[in-house]
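Per-entry structural report
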Amino acid sequence: MSTFGSEVESTKDDDMLRTQCPQPPDATGATLHGLEPTMTNELTRRQLLSVGAAASVAALPTPGILAGAAAPAEMPRRKFYAILSLGRLGFQASFAESLELTVKHGFEGLDPDPNYFASLGDDGLKRLLDDLRAKNLRFGAAGLPVEFRKDEARFNDGLKNLPVTADILQRAGVWRVSTWVLPCSNDLTYPQNFRQHADRLRQCAQILADHGQKLGLEYVAPRTLLRSQRHPFIHTMSEMKELIVAIGTNNLGIQLDSWHWFNAEETDKDLLTLRGSDVLTVDLNDAPIGLSLDEYRDDHRELPAATGVIPVKDFLGSLVQIDYDGPIQPEPFNAALRAKSLNQACTSAFAAMKRAFSLL
């Protein structure tokens, strides 16, 4: 297996990255069965741009409804698990409603809610974790609750509150945290933006490390978004690896998205430069038919395996090969899906994930 560096990066950078993404220790003792959980995205890309409980509470059930046909003997079985992330589908609901929908539609987990966890108290949180374990459910992708993309005052306010959020998530067994990086700026050149991101994300990562958590960073690739502001910024996997090296903490990884992987013109070979432990969470999407790479908009996507434009089979097959064992969820940013009722949208999202997994 290749190291966590790009094939075109230096061996030195590869070695640095290999040592920077160890498996996080179970610092809390709260992680059920020693498996991993996560945190929700409180800051969405659509909000910013205006363009549109517990640890893994049990081993992934052997083949349930999401499992496809039996894989060939030489093909390892998937270890990643399908999450219902309502925010990524364009909906909002309470944690209790999300849990009910997760169970009803057969998903293997859901997004955690640190504010809800905090409201439960220690006894209530323990009962919730016991209930999730009994239901064989895991928590999904984590979101960094710090606005690091804008002014210094807003960043400092978020950073000041991060230890409180990280603490409640730690008590829930949550160690996966992730965020996305805007691929452009009107005010900062690439070097200026790079330095600011490295400094601010380093401060976030250090706080998370104190709570046994890792931070995954997502690159955003559509060309329409890249060109929407004066100065382009990070929009490929190799560039994100360079930022991870510059940040320099030992608790970093990548948030993958099939949409951005496709728009960056990357292939399975790029994915195979990663190890499973380098990936914190995965979003799964397809792309509209009949558009060029110069025309795709970040807020116009399709459900997984809906059109066949994105080679979902290659993407998922590579995740199996690198032994990725974390959460994966649809993030279609799709108007037709948002026009449905919440229950209908969950039905469609589950069917799409089942269809995508059946390709393996």
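Report follows, based on the coordinates. Predicted model only: the values in this text are computed from it and were never measured. (Residues numbered from 1 in each chain as written. Predicted model: local features only at pLDDT ≥ 70, side-chain atom pairs only at ≥ 80, totals over all residues. Heavy atoms only, no water.)

1. Looking at the nonpolar core
Generally speaking, soluble globular proteins have nonpolar side chains that are buried together. To be explicit about the condition: Side-chain atoms within 4.5 Å are what join buried Ala, Val, Leu, Ile, Met, Phe, Trp, Tyr and Cys residues into a set we call a nonpolar core. Partly exposed residues are those whose accessible area sits between 20% and 50% of the maximum for their type, while under 20% is buried and over 50% is exposed, using a 1.4 Å probe and protein chains only. Helix and strand labels come from DSSP, where a helix needs a run of H or I of at least four residues and a strand needs a run of E of at least two; each type is numbered from the N terminus.
By size, the foremost hydrophobic cluster in this structure holds 71 residues, and its most contacted members are L144, L256, L316 and L319. When residues of this core are assigned to their parent elements, the largest contribution, eight residues, is made by helix α14 (residues 342-357). Membership of the second largest hydrophobic core comes to 14 residues, among which are L99, L110, F117 and L125.

2. Remarks on the side chain of D257
Defined as follows: The contact criterion used throughout is that any non-hydrogen atoms of two residues lie within 4.5 Å.
One can find D257 in strand β8 (residues 252-257). Dropping the residues within four chain positions of it, D257 is found in contact with E218, D283, N285, R301, F315 and E331.

3. Thoughts on helix α4 (residues 95-105)
Convention followed: Relevant arc is that of directions from the helix axis to the C-beta atoms, nothing else.
Listing the buried residues of α4 in full gives F95, S98, L99, L101, T102 and H105. The buried residues of α4 occupy one face: seen down the axis, they fall within an arc of 165°. Facing away from the buried side of α4, by more than 90 degrees, are the exposed residues E100 and K104. Packing partners of the buried residues in α4 comprise α3 (86-89), β2 (109-110), α5 (114-134), β3 (138-139) and α14. Positioned one or two residues after α4, G106 has a phi angle of 90°, which is positive.

4. Topic: the pairing of strand β10 (residues 327-330)
Note the following rule: Pairing between two strands requires that DSSP report at least two bridges joining them. Here, the term right-handed applies to a crossover whose path from the first strand over the helix to the second runs clockwise when the strands point away from the viewer.
Covered by surrounding structure in β10 are P327 and Q329 together with I328 and P330, the residues of both alternating faces. With two bridges connecting them, strand β1 (residues 81-82) and β10 associate as parallel partners. Paired with A82 across the two strands is I328, which belongs to β10. Where strand β9 (residues 279-284) lies against β10, three bridges are found, and the strand directions are parallel. By the bridge assignment for β10, V282 is matched with I328. Between the parallel elements β9 and β10, the chain passes through helix α12 (residues 312-321) in a crossover that is right-handed.

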